[in-house]
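Understanding the architecture of this molecule
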Amino acid sequence: MKKLVIAEKPSVAEQLAAVIDHCKKGRDYYEGEHYIISWAVGHLVGLAEPEEYDKKYKQWLLSYLPVIPEKFRFSVLQGAEERFGALKKLIASKDVDEVINACDAGREGELIFRNIYVQAAGKKPASRLWLSSYTEESIRDGFKHIQPESAYDDLGRAALARSEADWLVGINATRGLTRRNGSLVTVGRVQTPVLALIVKREKEVQAFVPEPYFEVNAEFKVLPQGEPTYTGLWHRGSETRLSEEAGAQAIARKCSGHKGTIQSVVQKESRMQVPYLYDLGLLQREANSLNGLSASRTLRAAQSLYEEKRAITYPRTDSKYLPKALRKEVMTVLGDLDAGEYAPFVQHVQRDGWKMRPFVFNDDKVSDHYAIIPTGTRVDRSSLSHDESVVYDLVVRRFLEQFYPEAVLMLTHVETVVENETFGSDGRVVKAVGWLEVAPREAESKDLPDLHDGRSVQAFKVQSERKLTKAPARFTDASIIAAMETAGKLVDDEELAEALKERGLGTPATRAEIIEKLIRTGVVERKARSLVATKRGIDLIDLLEGIQLSDLVAPDLTGDWEMSLRKIEKGLLDDGEFLRRIEEFTRQMIDKIKGYDAPTQIGIESTEPLGVCPMCGGNVVERPSSYVCEHHGRKKTDCKFSIPKTILRRSISREEARQLITEKKTDMLDGFVSRRGFKFSARLLLKPDNTLKWEFAEGSGGGSAAGEPVVNEEPVGRCPVCQGTVVETTEHYRCTTAGCHFQMKKTYAGKTVDRVMARKLLEQGKTDLIEDFVSKYNRPFSAYLKLGDRGKIEFEFLNKGPRPKRQAVQRKTSASAGDTTVHQIESSKAKSSRKVAGAKPAARGEARKTAAVSKGAVPKTLKDKGGAHDSI
């Protein structure tokens, strides 16, 4: 008899198989003498859609709401049937006597496994493999300490409660508000309070009126020699600003050229404590503020470093501490880093005999996972992608900083008086560099000359300067992650932030996806590093506040719900009690939506026509998500003409849509962002058949790598088009020859192409067989990458004979990361209908099945065509 191990992803299954039992690869699993190792591809089973309870719910009618099932049902997600079938067969196999959950060690990983196991009617004993890193030693140790799956029942209950709560709020709010608005409105338990924070800040920015103020700056020289010199800023008490220009100029004239005295020189020592180790939120914030990486890019890079490179520990953690049991292991990791660019720091630590700070080791601050640290696996940073390199460097440096002493700064403040006017000067000098030696950015110093009380000076240059007050800063990924961690309470103190974490919005694993989902649904735009609420987003929050759904908008309530889920995880709260509160909230919410009858038009700037429809001659008008013919959707005169309001993350304005309709093309538009995250410029063209087409900027290579910075100038290989040099940019490998547009992406079908793979492709025209690609139907597949005509990158598949015809199935939708999106799609196959209780509290037993929410369906706009020599 063998034990079946189910990993969350194919890449994890491969790593487990490489360490245990000398497993050999089969089609759907790895098999050894004692173990069979197979994999999911994320969520395979989710909560059923309302129409699977009763066919009537295909219609989104207010009279059918609220939808509150007496007992939730589950179904296999579209595109996951084949993978689920393979796992179900293995679970039922007579050769298997135990099933081991090796999905990610967290709430979502627990949900993924339990959904699969319950849907497959698993009856065999189940166990839990809990890993925080994928080094060989950690995997072997994990298999020695496998626990019964029942030990994680509280975590499973919390995971299910989260998914059911999101279903109840998301399904009902989205359907109710969509009917009230007349077009799709996406609302979620977590995403909506986050949107409310961004909207509130955007309104503050838009309402802000800059006001002028004046400052007086002086340059002084020490008498009698006239050296050294220093600068000072005028102040009166704590006020440094003057509201009137005349007053500022009067002070400048009064002091200019006159002698003065250094009234006081005050010095004090300041100690800079070593910063915390990274949890995911802090890593995302610093990667954004220091390197401009979005939260989602940071998470993808960290996950790859964890799963594929085995270079860091589990990234989706909310702890900044380590367990005491790791004291010896951290010294081993330190020794393993004694190579390459980090060797001087390691040797400094070893030479001075420094130990990691005791403060770091705190068992009370570690729950499921400890802080993110390197594993000690030797990594050549030149083989990593740009984002992976940035994240790895941050994690290693933060780890090394923990061995260093605190930094010591000498702060100096000088007060200079001229003609009874006071000027302040501040200096900062690093006295003992400490941990700043390792920090990714050097400490800034502002030196002052050696000054003493009573010295005479002369103000030889005094000027007034006009300035404007600044609007509040828009949220960035870094600041919104911080706000989500503290449920909207903006705090700078890291210890206070730690105390507020229990009430945060979302979890470390879900926050990046929440931001991206707000962008995908058109309620938020990313401009440079800022997150900007769109008119649609502002209108949505205004609508919710108009309906008096303040609880759905307020971060505090969602933070309380998140704290309740944490209590369920710890066995301190009954999940049934939590869900009864959610059901009651849902009923009250629907009552308010039904009672609101004011007209709403979310995201519409004007009702004036934009022009004449090129298909039927009707008027083109603005709708919430598109510019369409007025006859669009009518039974007898239906016209299909439509221009999306958002194309590849860029909003299309009314003027741009009007130009496209009248002139058949727009001006060159900046700010499009491809599915892989690179920015490009292009024109939109309206073809004779009234479909949209790109016209890319000259030399943009199809809008991709041309404008990206080179992150590694070491040649990857020769260009297959012109024999020039191919180098690595942030998202591509591209030719450096002027006029040659050859490029290849660094990610295809969810799989990162590293420098080794890229080099082999360029040298031999074909890679080795690459596993773990993921299709658009969420199915894993294996293939080669090869060079086609004129440098096109193509898949070459294994020959498996003709593919069977696809059968039409009903498309499922919902949400990831704590929110539910509903996108109604016609079904080609009706499901059996069963009744749902609309107003009666559900009976909840102790033994409840566990299920997950599926990936969200997003309406498609234009397809990203990729680069000029990029055919995939």
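Look up a bit, the structure's there.
The following paragraphs examine the structure supplied in this document. Throughout this description, residue numbers start from 1 for each chain and increase along the sequence as written. Only residues with pLDDT of at least 70 are given local features in this predicted model, and only at 80 or more are side-chain atom pairs given and counted; all residues enter the totals for whole chains, interfaces and linings. Excluded from the side-chain calculation are hydrogens and water; included are all heavy atoms of the structure.

Buried within helix H21 (residues 755–764) we find Arg755, Ala758, Leu761 and Leu762. Buried positions in H21, seen along its axis, are confined to an arc of 125° and lie on one side of it. Opposite the packed face of H21, turned more than 90 degrees from it, sit the exposed residues Val756, Glu763 and Gln764. Secondary structure is summarised from DSSP: a helix means a run of H or I of at least four residues, a strand means a run of E of at least two, and numbering begins at the N terminus for each. Where H21 terminates, the next one or two residues include glycine 765, which has phi positive at roughly 80°. Think of it in three bands: residues with accessible area under 20% of the maximum for their type are buried, residues over 50% are exposed, and the middle band is partly exposed, with areas taken using a 1.4 Å probe on protein chains only. The arc in question is traced by the directions running from the helix axis to the C-beta atoms.

Turning our eyes to something else, we now look at the sheet that holds strand S3 (residues 30–31). In this analysis, strands are considered paired if DSSP registers two or more bridges between them. Taken together, the seven strands give an open sheet; going across it, the order is S2-S3-S4-S1-S7-S8-S9, and neighbouring strands pair in mixed fashion. The sheet terminates laterally at strand S2 (24–25) and strand S9 (147–148), the two strands that pair on one side only. Examined bridge by bridge, S2 and S3 share two bridges and lie antiparallel to one another. Along S3, the bridge assignment pairs lysine 25 with tyrosine 30. The contact criterion used throughout is that any non-hydrogen atoms of two residues lie within 4.5 Å. Where helices are involved, their axes are fitted lines through C-alpha atoms of the stretch in contact, as for all axes, and angles between N-to-C directions lie from 0 to 180°. Along the sheet, helix H1 (residues 10–19) contacts strand S1 (2–7), S3, strand S4 (35–39) and strand S7 (96–102); its crossing angle with S4, the most-contacted strand, is approximately 160°.

Before going further, it helps to examine the packing of aromatic side chains. Each Phe, Tyr or Trp ring (for Trp, its six-membered ring) is paired with any other whose centre lies within 6.5 Å, and the angle between the two planes then decides the class: stacked below 30 degrees, edge-to-face above 60, tilted in between. For the structure shown, the criterion picks out 19 aromatic pairs. Ring plane angle 35° and centroid distance 5.3 Å describe the contact between phenylalanine 220 and tyrosine 230, whose orientation is recorded as tilted. One end of the pair, phenylalanine 220, is in strand S10 (residues 212–222); the other, tyrosine 230, is in strand S11 (residues 229–235), with 10 residues separating them in the sequence. Taken individually, phenylalanine 220 and tyrosine 230 each receive the classification buried, so the pair is uniform in this respect. Look at phenylalanine 220 and phenylalanine 423: their rings are 5.6 Å apart centre to centre, the planes differ by 75°, and that puts the pair in the edge-to-face class. Placement of the pair is phenylalanine 220 in strand S10 and phenylalanine 423 in strand S14 (residues 421–432), with a sequence separation of 203 residues. Three or more aromatic residues joined by ring pairs make a cluster, and in this case those are Tyr53, Phe72 and Trp167. Just above the ring of phenylalanine 361 sits the side chain of arginine 327; from NZ or CZ to the centre is 4.5 Å. Put simply, a charge is over a ring when the Lys NZ or the Arg CZ is close to the ring centre, within 6 Å, and near the line of the ring normal, within 35 degrees. When the ring centre of tyrosine 784 is taken as reference, the NZ or CZ atom of lysine 766 above it lies at 4.2 Å.

The next thing to look at is the pairing of strand S16 (residues 524–527). Pairing analysis gives four bridges linking S16 to strand S17 (residues 530–533), with the strands arranged antiparallel. Considered in S17, the bridge of glutamate 525 is made with valine 532. Connecting the antiparallel pair S16 and S17 is a turn made up of two residues, with alanine 528 showing a positive phi of about 55°.

All buried positions along helix H7 (residues 245–255) are accounted for by Ala248, Ile251, Ala252 and Cys255. One side of H7 holds all its buried residues, which, seen down the axis, span an arc of 100°. When the buried face of H7 is taken as reference, the exposed residues oriented beyond 90 degrees from it are Ala246 and Arg253. Looking at the buried side of H7, the elements it contacts are S10, S11, strand S13 (407–418), S14 and strand S15 (456–468). Following H7 by one or two positions, glycine 257 has its phi on the positive side, about 85°.

Taken in spatial order, the four strands line up as S18-S19-S20-S21 in an open sheet, and their pairing is antiparallel. At either margin of the open sheet sits one strand with a lone partner, and together these are strand S18 (611–612) and strand S21 (642–644). One ladder, built from two bridges, connects S18 with strand S19 (residues 619–622); its direction is antiparallel. Paired with glycine 611 across the strands is valine 620, a residue of S19.

This part is about the side chain of glutamate 485. By secondary structure assignment, the location of glutamate 485 is in helix H13 (residues 477–485). Polar contact is defined as a pair of N or O atoms within 3.5 Å, subject to the rule that within protein one atom must be able to donate a hydrogen and the other to accept it, and that residues adjacent in sequence are counted only when both atoms are side-chain atoms. In terms of polar contacts, glutamate 485 uses its side chain to reach the side chain of arginine 285, at 2.7 Å.

Nonpolar side chains tend to gather and get buried jointly when the protein is soluble and globular. To define a nonpolar core, start from buried Ala, Val, Leu, Ile, Met, Phe, Trp, Tyr and Cys residues and group those joined through side-chain atoms within 4.5 Å. Ile198, Ile480, Leu552 and Phe578 are the most contacted members of the largest nonpolar core, which totals 89 residues. The biggest single contributor to this core is helix H5 (residues 153–181), with 10 residues. Membership of the second largest hydrophobic core comes to 71 residues, among which are Val5, Leu277, Leu283 and Ala301.

A word on the pattern of salt bridges. We define a salt bridge as a contact between a side-chain nitrogen of Lys or Arg and a carboxyl oxygen of Asp or Glu at a distance within 4 Å. For the structure on display, the rule yields 54 salt bridges. Glutamate 51 is paired through a salt bridge with arginine 175; the nearest N and O atoms lie 3.1 Å apart. Linking glutamate 51 in the loop between strand S5 (45–47) and strand S6 (74–76) with arginine 175 in helix H5, this pair joins segments that are 124 residues apart in sequence. Just as glutamate 51 is buried, arginine 175 falls in that class too.

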